[in-house]
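Breakdown of the fold
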Amino acid sequence: MARTEESPSLPQTVRSTEAIGEIVQQLRREQKLLQADLAGLAGTGNRFVVDLEKGKPTLQMQKVLDVLDLMGLEVSIRRKGSSE
């Protein structure tokens, strides 16, 4: 996924932590929030948001899900190739 300043098209299939990070970063910028702002709203440290946006694969899943929820996103799991 190329980095652009426009809003990411959703829904999309995500297969890497880097892709999640790019989506979070794009939406955060769209909402005109600093990384520190998002960290404060999510109750995490700024380092967590930086690592999330970089796609660090070892972040705590619940914290990632909490940030996604805060940003109005949700994770949906389905079988590959399924259109539902």
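Everything numeric here is computed off the predicted structure, so don't read it as measured data. (Residues numbered from 1 in each chain as written. Predicted model: local features only at pLDDT ≥ 70, side-chain atom pairs only at ≥ 80, totals over all residues. Heavy atoms only, no water.)

Before going further, it helps to examine helix α3 (residues 46-54). Every buried residue of α3 is listed here: F48, V49, V50, D51, L52 and E53. Contacts made by the buried residues of α3 are with α1 (17-30), α2 (35-42) and α4 (61-70). The positive-phi residue at the C-terminal boundary of α3 is G55, with phi of around 85°. (Buried < 20%, exposed > 50% of the residue type's maximum accessible area, 1.4 Å probe, protein only. Helix = DSSP H or I, 4+ residues; strand = E, 2+ residues; numbered from the N terminus. Contact = heavy atoms within 4.5 Å.)

Let us look at the nonpolar core. One finds V24, L38, F48, L52, V64, V67 and M71 to be the most contacted residues of the largest nonpolar core, which totals 14 residues. Looking at this core, the elements with two or more residues in it are α1, α2, α3 and α4. Here L52 is in contact with T17, I20, G21, V24, L59, V64 and V67, once residues within four sequence places are set aside. (Core = buried A, V, L, I, M, F, W, Y, C linked by side-chain atoms within 4.5 Å.)

Taken together, the side chains of M61, L65, V75 and I77 make up a nonpolar region of the molecular surface, amounting to roughly 450 Å² of accessible area. Along the chain, M61 turns up in helix α4. With relative accessibility at 63%, the residue M61 sits in the exposed group. (Patch = residues over 30% accessible without salt bridge, like charges linked within 9 Å, V, L, I, M, F, W, Y side chains within 5 Å. Areas by Shrake-Rupley, 256 points an atom, 1.4 Å probe, with all protein chains shown as cover. Salt bridge = Lys/Arg side-chain N within 4 Å of Asp/Glu carboxyl O.)

Moving on, we get to the confidence of the model for the protein. Across the protein, the average pLDDT comes to 89, with 90% of residues at or above 70. Summarising per-element confidence for the protein, the mean pLDDT is lowest in α1 (95) and highest in α3 (97). (pLDDT = per-residue confidence, 0-100.)

A few words on the pattern of salt bridges. Counted under the stated rule, the structure contains three salt bridges. Salt-bridge contacts for E53 lead to R28; the nearest nitrogen and oxygen are separated by 2.5 Å. Within this pair, whereas E53 is found in helix α3, its partner R28 is found in helix α1, the two being separated by 25 residues in sequence. R28 matches E53 in its accessibility class, with the two residues each being buried. The partner of D51 in a salt bridge is K56, with the nearest N and O atoms 3.8 Å apart. Several salt bridges share partner residues, and in doing so they unite R47, D51 and K56 into one network.

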